[in-house]
Amino acid sequence: MAQIPVAATSQTGLAEGQSYRPALVTLAVLYFMMGLITCLNDTLVPFFKNSFQLTYTQSALVQFYFFFTYGVMSIPAGVLVSKFGFKQSMVAGFAVAAVGTFLFFPASLMHQYYLFLAALFILAVGIVILQVAANPYITLLGPPETASSRFNLIQALGSLGTTVAPLLGLWYILSETSHVGQSSEAVRLPYLCITALVILIAFVISQLKLPNPVAQVPNAVEGQAGIFAFRNLRFGLVALFCYVGAEVSIGSFLTNYIADTAGIVENEAVTYVAFYWGSMLVGRFIGAGVLKIVRAPLVLSICAVAAVLLIAVSVTSTGMLAAWTMVAVGLCNSIMFATIFSLSVAGLEEHATRASGWLSTAIVGGAVISFLQGWLIDHFNWQVAFMLPLVCYVFILFFGLNGYKERKFDTP
(Lines give C-alpha, C1' and ligand atoms only; values in the text may rest on other atoms or scores of the structure.)
Protein backbone atom coordinates (compact mmCIF):
# COMPACT_ATOMS: atom_id res chain seq x y z
CA MET A 1 0.00 0.00 0.00
CA ALA A 2 1.32 3.43 -0.87
CA GLN A 3 2.12 5.84 1.94
CA ILE A 4 0.07 8.95 2.58
CA PRO A 5 2.17 11.84 1.26
CA VAL A 6 3.48 14.05 4.04
CA ALA A 7 5.61 17.15 4.39
CA ALA A 8 8.28 17.94 6.96
CA THR A 9 6.48 17.89 10.30
CA SER A 10 6.76 19.30 13.76
CA GLN A 11 6.25 17.32 16.97
CA THR A 12 2.50 17.84 16.72
CA GLY A 13 2.41 16.11 13.34
CA LEU A 14 1.80 19.28 11.31
CA ALA A 15 3.99 20.57 8.55
CA GLU A 16 5.86 23.76 9.37
CA GLY A 17 3.69 26.85 9.03
CA GLN A 18 0.43 24.90 8.94
CA SER A 19 -2.47 25.56 11.33
CA TYR A 20 -4.99 23.32 13.06
CA ARG A 21 -7.89 25.70 12.44
CA PRO A 22 -8.87 24.84 8.81
CA ALA A 23 -8.65 21.12 9.61
CA LEU A 24 -10.71 21.39 12.80
CA VAL A 25 -13.43 23.47 11.12
CA THR A 26 -13.52 21.01 8.20
CA LEU A 27 -13.81 18.04 10.57
CA ALA A 28 -16.60 19.74 12.54
CA VAL A 29 -18.59 20.31 9.33
CA LEU A 30 -17.83 16.78 8.18
CA TYR A 31 -19.07 15.24 11.42
CA PHE A 32 -22.15 17.46 11.40
CA MET A 33 -23.16 16.16 7.98
CA MET A 34 -22.32 12.55 8.83
CA GLY A 35 -24.44 12.82 11.96
CA LEU A 36 -27.33 14.51 10.17
CA ILE A 37 -27.44 11.99 7.32
CA THR A 38 -26.93 8.93 9.53
CA CYS A 39 -29.52 9.92 12.15
CA LEU A 40 -32.14 10.75 9.54
CA ASN A 41 -32.26 6.97 9.14
CA ASP A 42 -33.96 6.87 12.56
CA THR A 43 -36.80 8.82 10.95
CA LEU A 44 -36.79 6.70 7.80
CA VAL A 45 -37.32 3.48 9.80
CA PRO A 46 -40.81 4.40 11.12
CA PHE A 47 -41.60 6.36 7.94
CA PHE A 48 -40.94 3.42 5.61
CA LYS A 49 -42.62 1.03 8.07
CA ASN A 50 -45.85 2.98 7.65
CA SER A 51 -45.50 3.89 3.96
CA PHE A 52 -44.67 0.36 2.81
CA GLN A 53 -46.55 -1.55 5.56
CA LEU A 54 -43.40 -3.30 6.79
CA THR A 55 -42.61 -5.47 9.81
CA TYR A 56 -39.96 -4.30 12.28
CA THR A 57 -37.50 -6.71 10.69
CA GLN A 58 -38.17 -5.34 7.20
CA SER A 59 -37.95 -1.72 8.35
CA ALA A 60 -34.63 -2.53 10.04
CA LEU A 61 -33.20 -3.12 6.55
CA VAL A 62 -32.74 0.68 6.38
CA GLN A 63 -30.04 0.44 9.02
CA PHE A 64 -28.86 -2.97 7.83
CA TYR A 65 -27.97 -1.85 4.31
CA PHE A 66 -26.57 1.45 5.52
CA PHE A 67 -24.23 -0.03 8.13
CA PHE A 68 -23.52 -3.24 6.19
CA THR A 69 -21.59 -0.97 3.84
CA TYR A 70 -18.98 -0.45 6.56
CA GLY A 71 -18.30 -4.18 6.55
CA VAL A 72 -17.54 -4.34 2.83
CA MET A 73 -16.15 -0.88 2.07
CA SER A 74 -14.00 0.18 5.05
CA ILE A 75 -10.86 -1.65 3.92
CA PRO A 76 -11.12 -0.38 0.30
CA ALA A 77 -11.76 3.09 1.74
CA GLY A 78 -8.56 2.75 3.78
CA VAL A 79 -6.67 2.00 0.57
CA LEU A 80 -8.23 5.11 -1.00
CA VAL A 81 -7.18 7.30 1.93
CA SER A 82 -3.65 5.90 1.89
CA LYS A 83 -3.29 6.53 -1.84
CA PHE A 84 -4.89 9.97 -2.19
CA GLY A 85 -4.56 11.47 1.28
CA PHE A 86 -7.07 12.83 3.77
CA LYS A 87 -8.34 15.90 1.90
CA GLN A 88 -9.01 14.28 -1.49
CA SER A 89 -10.66 11.31 0.24
CA MET A 90 -13.02 13.65 2.11
CA VAL A 91 -13.98 15.34 -1.16
CA ALA A 92 -14.56 11.93 -2.76
CA GLY A 93 -16.66 10.82 0.20
CA PHE A 94 -18.95 13.84 -0.03
CA ALA A 95 -19.27 13.39 -3.80
CA VAL A 96 -20.37 9.75 -3.48
CA ALA A 97 -22.75 10.67 -0.65
CA ALA A 98 -24.33 13.31 -2.92
CA VAL A 99 -25.07 10.61 -5.52
CA GLY A 100 -26.81 8.52 -2.86
CA THR A 101 -28.96 11.37 -1.51
CA PHE A 102 -29.94 12.41 -5.04
CA LEU A 103 -31.15 8.87 -5.82
CA PHE A 104 -33.86 9.35 -3.19
CA PHE A 105 -35.64 11.49 -5.80
CA PRO A 106 -36.22 8.78 -8.46
CA ALA A 107 -36.83 6.21 -5.71
CA SER A 108 -39.63 8.38 -4.31
CA LEU A 109 -41.15 8.88 -7.77
CA MET A 110 -41.36 5.11 -8.28
CA HIS A 111 -42.18 4.46 -4.61
CA GLN A 112 -40.09 1.31 -4.42
CA TYR A 113 -38.52 0.26 -1.10
CA TYR A 114 -35.65 -1.65 -2.74
CA LEU A 115 -34.62 1.50 -4.64
CA PHE A 116 -34.38 3.40 -1.37
CA LEU A 117 -32.22 0.63 0.05
CA ALA A 118 -29.93 0.86 -2.99
CA ALA A 119 -29.71 4.65 -2.57
CA LEU A 120 -28.89 4.19 1.12
CA PHE A 121 -26.10 1.74 0.22
CA ILE A 122 -24.48 4.26 -2.15
CA LEU A 123 -24.96 7.05 0.38
CA ALA A 124 -23.31 4.88 3.02
CA VAL A 125 -20.28 4.25 0.76
CA GLY A 126 -19.64 7.99 0.84
CA ILE A 127 -20.08 8.13 4.62
CA VAL A 128 -17.65 5.20 5.05
CA ILE A 129 -14.98 7.05 3.05
CA LEU A 130 -15.52 10.15 5.19
CA GLN A 131 -15.34 8.10 8.41
CA VAL A 132 -12.17 6.24 7.45
CA ALA A 133 -10.49 9.50 6.45
CA ALA A 134 -11.64 11.58 9.43
CA ASN A 135 -11.04 9.23 12.36
CA PRO A 136 -7.25 8.79 12.05
CA TYR A 137 -6.94 12.42 10.89
CA ILE A 138 -8.25 13.57 14.28
CA THR A 139 -5.92 11.30 16.25
CA LEU A 140 -2.90 12.44 14.21
CA LEU A 141 -3.65 16.18 14.60
CA GLY A 142 -1.90 16.49 17.94
CA PRO A 143 -0.37 14.57 20.85
CA PRO A 144 -1.59 10.95 21.17
CA GLU A 145 -2.23 11.34 24.93
CA THR A 146 -5.02 13.87 24.25
CA ALA A 147 -6.50 11.99 21.28
CA SER A 148 -9.63 10.87 23.18
CA SER A 149 -10.34 14.43 24.36
CA ARG A 150 -9.75 15.88 20.89
CA PHE A 151 -11.91 13.20 19.27
CA ASN A 152 -14.78 13.84 21.70
CA LEU A 153 -14.62 17.61 21.12
CA ILE A 154 -14.90 17.25 17.34
CA GLN A 155 -17.68 14.67 17.72
CA ALA A 156 -19.48 17.04 20.10
CA LEU A 157 -19.54 19.73 17.43
CA GLY A 158 -20.70 17.14 14.91
CA SER A 159 -23.41 15.94 17.29
CA LEU A 160 -25.39 19.04 16.40
CA GLY A 161 -26.27 17.11 13.24
CA THR A 162 -27.52 14.08 15.18
CA THR A 163 -29.65 16.37 17.36
CA VAL A 164 -31.14 18.31 14.46
CA ALA A 165 -31.84 15.23 12.31
CA PRO A 166 -34.83 13.83 14.27
CA LEU A 167 -36.44 17.29 14.40
CA LEU A 168 -35.99 17.78 10.66
CA GLY A 169 -37.34 14.29 10.13
CA LEU A 170 -40.39 15.11 12.24
CA TRP A 171 -41.12 18.45 10.55
CA TYR A 172 -40.45 17.50 6.93
CA ILE A 173 -40.96 13.72 6.72
CA LEU A 174 -43.09 12.17 9.47
CA SER A 175 -45.47 15.14 9.63
CA GLU A 176 -46.38 14.49 5.97
CA THR A 177 -47.16 10.81 6.40
CA SER A 178 -50.85 11.32 7.07
CA HIS A 179 -51.18 13.58 4.01
CA VAL A 180 -49.39 11.45 1.42
CA GLY A 181 -50.73 8.04 2.52
CA GLN A 182 -48.93 5.14 0.85
CA SER A 183 -46.35 7.40 -0.75
CA SER A 184 -42.72 8.40 -0.23
CA GLU A 185 -43.10 11.93 -1.57
CA ALA A 186 -42.19 13.44 1.80
CA VAL A 187 -38.50 12.53 1.42
CA ARG A 188 -37.98 14.25 -1.96
CA LEU A 189 -37.37 17.86 -0.97
CA PRO A 190 -35.34 17.15 2.19
CA TYR A 191 -32.91 14.85 0.38
CA LEU A 192 -32.60 17.14 -2.64
CA CYS A 193 -31.63 19.94 -0.23
CA ILE A 194 -29.10 17.67 1.44
CA THR A 195 -27.67 16.80 -1.99
CA ALA A 196 -27.10 20.48 -2.79
CA LEU A 197 -25.51 21.12 0.62
CA VAL A 198 -23.18 18.11 0.35
CA ILE A 199 -22.00 19.18 -3.14
CA LEU A 200 -21.30 22.69 -1.82
CA ILE A 201 -19.26 21.32 1.11
CA ALA A 202 -17.25 19.06 -1.22
CA PHE A 203 -16.40 22.05 -3.41
CA VAL A 204 -15.34 24.22 -0.46
CA ILE A 205 -13.11 21.50 1.00
CA SER A 206 -11.48 20.97 -2.40
CA GLN A 207 -10.38 24.61 -2.31
CA LEU A 208 -8.91 24.52 1.22
CA LYS A 209 -5.28 23.93 2.15
CA LEU A 210 -5.37 21.37 4.94
CA PRO A 211 -2.43 20.03 6.99
CA ASN A 212 -1.35 16.50 6.15
CA PRO A 213 0.05 14.86 9.30
CA VAL A 214 2.41 11.90 9.39
CA ALA A 215 0.69 8.56 8.92
CA GLN A 216 3.29 5.99 7.94
CA VAL A 217 1.80 2.81 6.53
CA PRO A 218 3.77 -0.47 6.53
CA ASN A 219 3.87 -2.80 3.58
CA ALA A 220 0.86 -5.08 3.19
CA VAL A 221 2.38 -8.26 4.71
CA GLU A 222 4.01 -6.55 7.67
CA GLY A 223 0.94 -4.39 8.24
CA GLN A 224 -1.56 -7.23 8.49
CA ALA A 225 0.67 -9.25 10.82
CA GLY A 226 1.52 -6.22 12.95
CA ILE A 227 -2.07 -5.05 13.39
CA PHE A 228 -3.55 -8.23 14.85
CA ALA A 229 -0.63 -8.70 17.20
CA PHE A 230 -2.11 -5.86 19.28
CA ARG A 231 -4.48 -7.13 21.96
CA ASN A 232 -6.20 -3.77 22.43
CA LEU A 233 -7.06 -3.60 18.72
CA ARG A 234 -8.52 -7.11 18.67
CA PHE A 235 -10.81 -6.41 21.62
CA GLY A 236 -11.42 -2.89 20.35
CA LEU A 237 -12.88 -4.25 17.12
CA VAL A 238 -15.48 -6.22 19.09
CA ALA A 239 -16.15 -3.33 21.47
CA LEU A 240 -16.74 -0.91 18.59
CA PHE A 241 -18.99 -3.48 16.87
CA CYS A 242 -21.04 -3.73 20.08
CA TYR A 243 -21.13 0.02 20.68
CA VAL A 244 -22.34 1.03 17.22
CA GLY A 245 -24.82 -1.84 17.23
CA ALA A 246 -26.29 -0.77 20.57
CA GLU A 247 -26.36 2.94 19.71
CA VAL A 248 -28.01 2.42 16.31
CA SER A 249 -30.53 -0.20 17.43
CA ILE A 250 -31.75 1.97 20.32
CA GLY A 251 -32.02 5.04 18.09
CA SER A 252 -33.77 3.09 15.32
CA PHE A 253 -36.58 1.70 17.46
CA LEU A 254 -36.81 4.43 20.10
CA THR A 255 -39.76 6.15 18.40
CA ASN A 256 -41.85 2.97 18.29
CA TYR A 257 -40.67 1.85 21.75
CA ILE A 258 -41.71 5.11 23.43
CA ALA A 259 -44.98 5.24 21.46
CA ASP A 260 -45.88 1.77 22.74
CA THR A 261 -44.49 2.12 26.25
CA ALA A 262 -45.71 5.64 27.02
CA GLY A 263 -48.91 5.40 24.97
CA ILE A 264 -48.29 8.43 22.74
CA VAL A 265 -48.43 8.91 18.97
CA GLU A 266 -45.28 8.48 16.87
CA ASN A 267 -45.12 12.14 15.87
CA GLU A 268 -44.74 13.02 19.56
CA ALA A 269 -42.47 10.08 20.35
CA VAL A 270 -39.93 11.04 17.70
CA THR A 271 -39.04 14.20 19.66
CA TYR A 272 -37.54 11.93 22.31
CA VAL A 273 -35.09 10.69 19.68
CA ALA A 274 -33.80 14.27 19.45
CA PHE A 275 -33.19 14.20 23.21
CA TYR A 276 -31.41 10.84 22.84
CA TRP A 277 -28.96 12.24 20.29
CA GLY A 278 -28.91 15.67 21.96
CA SER A 279 -27.74 14.14 25.23
CA MET A 280 -24.76 12.77 23.30
CA LEU A 281 -23.98 16.33 22.21
CA VAL A 282 -23.95 17.51 25.82
CA GLY A 283 -22.02 14.46 27.00
CA ARG A 284 -19.28 14.91 24.40
CA PHE A 285 -18.60 18.50 25.45
CA ILE A 286 -18.44 17.38 29.08
CA GLY A 287 -16.39 14.33 28.14
CA ALA A 288 -13.82 16.39 26.23
CA GLY A 289 -13.02 18.15 29.51
CA VAL A 290 -13.31 15.14 31.81
CA LEU A 291 -11.01 13.02 29.65
CA LYS A 292 -8.22 15.54 30.14
CA ILE A 293 -8.09 14.76 33.85
CA VAL A 294 -9.61 11.27 34.23
CA ARG A 295 -8.25 8.11 32.60
CA ALA A 296 -10.21 7.19 29.47
CA PRO A 297 -10.71 3.48 30.44
CA LEU A 298 -12.28 4.52 33.76
CA VAL A 299 -14.68 6.97 32.10
CA LEU A 300 -15.65 4.32 29.53
CA SER A 301 -16.30 1.73 32.26
CA ILE A 302 -18.51 4.10 34.28
CA CYS A 303 -20.56 4.97 31.20
CA ALA A 304 -20.97 1.28 30.30
CA VAL A 305 -22.25 0.44 33.80
CA ALA A 306 -24.68 3.37 33.67
CA ALA A 307 -26.01 2.24 30.25
CA VAL A 308 -26.65 -1.29 31.53
CA LEU A 309 -28.53 0.02 34.58
CA LEU A 310 -30.61 2.48 32.55
CA ILE A 311 -31.73 -0.17 30.05
CA ALA A 312 -32.57 -2.54 32.90
CA VAL A 313 -34.72 0.10 34.60
CA SER A 314 -36.41 1.06 31.33
CA VAL A 315 -37.50 -2.44 30.31
CA THR A 316 -38.82 -3.22 33.79
CA SER A 317 -40.94 -0.05 34.00
CA THR A 318 -43.59 1.76 31.97
CA GLY A 319 -44.67 5.25 30.99
CA MET A 320 -42.36 8.25 31.16
CA LEU A 321 -39.84 6.48 33.43
CA ALA A 322 -39.28 3.82 30.76
CA ALA A 323 -39.02 6.51 28.08
CA TRP A 324 -36.59 8.84 29.82
CA THR A 325 -34.28 6.12 31.15
CA MET A 326 -33.87 4.76 27.62
CA VAL A 327 -33.28 8.30 26.29
CA ALA A 328 -30.62 8.80 28.99
CA VAL A 329 -28.56 5.96 27.48
CA GLY A 330 -27.58 8.54 24.86
CA LEU A 331 -25.64 10.46 27.52
CA CYS A 332 -23.70 7.28 28.32
CA ASN A 333 -23.00 6.75 24.62
CA SER A 334 -21.49 10.20 24.21
CA ILE A 335 -17.83 9.38 24.84
CA MET A 336 -17.84 5.72 23.82
CA PHE A 337 -17.01 5.77 20.11
CA ALA A 338 -14.09 8.18 20.40
CA THR A 339 -12.74 6.52 23.53
CA ILE A 340 -12.96 2.98 22.19
CA PHE A 341 -11.37 4.08 18.91
CA SER A 342 -8.51 5.93 20.62
CA LEU A 343 -7.78 3.09 23.06
CA SER A 344 -7.88 0.58 20.21
CA VAL A 345 -5.19 2.38 18.16
CA ALA A 346 -3.02 3.34 21.15
CA GLY A 347 0.52 2.11 20.60
CA LEU A 348 -0.07 1.08 16.98
CA GLU A 349 1.92 4.04 15.61
CA GLU A 350 2.65 3.29 11.93
CA HIS A 351 -0.23 0.81 11.85
CA ALA A 352 -2.83 3.44 12.85
CA THR A 353 -4.16 4.19 9.35
CA ARG A 354 -4.65 0.54 8.45
CA ALA A 355 -6.20 -0.11 11.89
CA SER A 356 -8.69 2.69 11.22
CA GLY A 357 -9.97 0.77 8.21
CA TRP A 358 -10.53 -2.34 10.31
CA LEU A 359 -12.17 -0.37 13.11
CA SER A 360 -14.48 1.27 10.60
CA THR A 361 -15.39 -2.23 9.41
CA ALA A 362 -16.59 -2.93 12.96
CA ILE A 363 -19.27 -0.27 12.46
CA VAL A 364 -21.14 -3.03 10.61
CA GLY A 365 -22.44 -3.76 14.11
CA GLY A 366 -25.04 -1.09 13.37
CA ALA A 367 -26.43 -3.38 10.67
CA VAL A 368 -26.24 -6.69 12.51
CA ILE A 369 -27.46 -5.65 15.96
CA SER A 370 -30.33 -3.46 14.72
CA PHE A 371 -31.54 -6.19 12.33
CA LEU A 372 -31.41 -8.82 15.09
CA GLN A 373 -33.25 -6.51 17.45
CA GLY A 374 -35.97 -5.95 14.85
CA TRP A 375 -36.34 -9.72 14.58
CA LEU A 376 -36.57 -10.03 18.38
CA ILE A 377 -39.30 -7.36 18.52
CA ASP A 378 -41.34 -9.18 15.86
CA HIS A 379 -40.99 -12.58 17.56
CA PHE A 380 -40.91 -11.68 21.27
CA ASN A 381 -41.34 -8.26 22.89
CA TRP A 382 -39.54 -5.02 23.71
CA GLN A 383 -38.11 -6.38 26.96
CA VAL A 384 -36.42 -9.33 25.28
CA ALA A 385 -35.25 -7.20 22.33
CA PHE A 386 -33.46 -4.66 24.53
CA MET A 387 -31.44 -7.39 26.21
CA LEU A 388 -29.33 -7.40 23.03
CA PRO A 389 -27.93 -3.85 23.40
CA LEU A 390 -27.61 -4.47 27.16
CA VAL A 391 -25.24 -7.39 26.46
CA CYS A 392 -23.29 -5.12 24.10
CA TYR A 393 -22.67 -2.64 26.91
CA VAL A 394 -21.50 -5.48 29.16
CA PHE A 395 -18.72 -6.27 26.66
CA ILE A 396 -17.83 -2.57 26.46
CA LEU A 397 -17.46 -2.65 30.26
CA PHE A 398 -14.99 -5.53 29.89
CA PHE A 399 -13.03 -3.51 27.31
CA GLY A 400 -12.87 -0.53 29.66
CA LEU A 401 -11.69 -2.66 32.57
CA ASN A 402 -9.25 -4.97 30.83
CA GLY A 403 -9.57 -5.34 27.05
CA TYR A 404 -7.95 -1.96 26.27
CA LYS A 405 -4.58 -2.93 27.76
CA GLU A 406 -1.79 -2.64 25.21
CA ARG A 407 -0.04 -5.98 25.08
CA LYS A 408 1.60 -7.01 21.82
CA PHE A 409 2.32 -10.65 21.07
CA ASP A 410 4.41 -12.15 18.31
CA THR A 411 2.36 -13.49 15.43
CA PRO A 412 3.08 -16.81 13.72
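In what follows, the accompanying structure is described. (Residues numbered from 1 in each chain as written. Predicted model: local features only at pLDDT ≥ 70, side-chain atom pairs only at ≥ 80, totals over all residues. Heavy atoms only, no water.)

**Quick notes on the overall build of the chain**
Line of reasoning, step 1. Scanning the chain from terminus to terminus reveals 19 helices and zero strands.
Line of reasoning, step 2. Of the contacts formed within the chain by residues at least 6 apart in sequence, a portion of 85% connects residues at least 24 apart.
Line of reasoning, step 3. Counting only carbon and sulfur atoms, one obtains 69% of the accessible surface of the chain, whose full area is about 15,600 Å². (Helix = DSSP H or I, 4+ residues; strand = E, 2+ residues; numbered from the N terminus. Contact = heavy atoms within 4.5 Å. Areas by Shrake-Rupley, 256 points an atom, 1.4 Å probe, with all protein chains shown as cover.)

**Some points on the packing of aromatic side chains**
Line of reasoning, step 1. Tallying each qualifying case throughout the model produces 28 aromatic pairs.
Line of reasoning, step 2. Aromatic side chains F48 and Y113 sit 5.6 Å apart centroid to centroid with 65° between the ring planes, which places their arrangement in the edge-to-face category. One end of the pair, F48, is in helix α1 (residues 20–51); the other, Y113, is in helix α5 (residues 113–140), with 65 residues separating them in the sequence. Take F48 and Y113: they sit in the same class, and that class is buried.
Line of reasoning, step 3. An angle of 10° between the planes, with centres 3.9 Å apart, marks the rings of F104 and Y191 as stacked. Linking F104 in helix α4 (residues 104–110) with Y191 in helix α8 (residues 188–207), this pair joins segments that are 87 residues apart in sequence.
Line of reasoning, step 4. Taken together, the aromatic side chains of F47, F48, F52, F104, Y113, F116 and Y191 make up a single cluster linked through ring pairs. (Phe/Tyr/Trp six-rings, centres within 6.5 Å; stacked < 30°, edge-to-face > 60°. Buried < 20%, exposed > 50% of the residue type's maximum accessible area, 1.4 Å probe, protein only.)

**As for empty space enclosed by the protein**
Line of reasoning, step 1. A complete count under the given rule lists one cavity of 30 Å³ or more for this structure.
Line of reasoning, step 2. Computed from the structure, the largest cavity encloses a volume of approximately 370 Å³.
Line of reasoning, step 3. The wall of the largest cavity is formed by 23 residues, among which G35, T38, Q131, E247 and R284 lie closest to the centre.
Line of reasoning, step 4. Mapped onto the lining of the largest cavity, the elements with two or more residues apiece are α1, α3 (61–102), α6 (147–172), α10 (231–262) and α11 (266–290).
Line of reasoning, step 5. Per element, the largest residue contribution to the lining of the largest cavity is six residues, and it comes from α1. (1 Å grid on protein atoms, 1.4 Å probe; cavity = no way out; pocket = protein on both sides within 12 Å on 5 of 7 lines; lining within 4 Å. Points joined across faces, edges and corners; volume = space filled by probe spheres on them.)

**Points about the side chain of T69**
Line of reasoning, step 1. Along the chain, the position of T69 falls in helix α3.
Line of reasoning, step 2. Under the relative-accessibility criterion, T69 is labelled buried at 0%.
Line of reasoning, step 3. Contact partners of T69, with chain neighbours within four places excluded, come to S74, F121, A124, V125 and V128.

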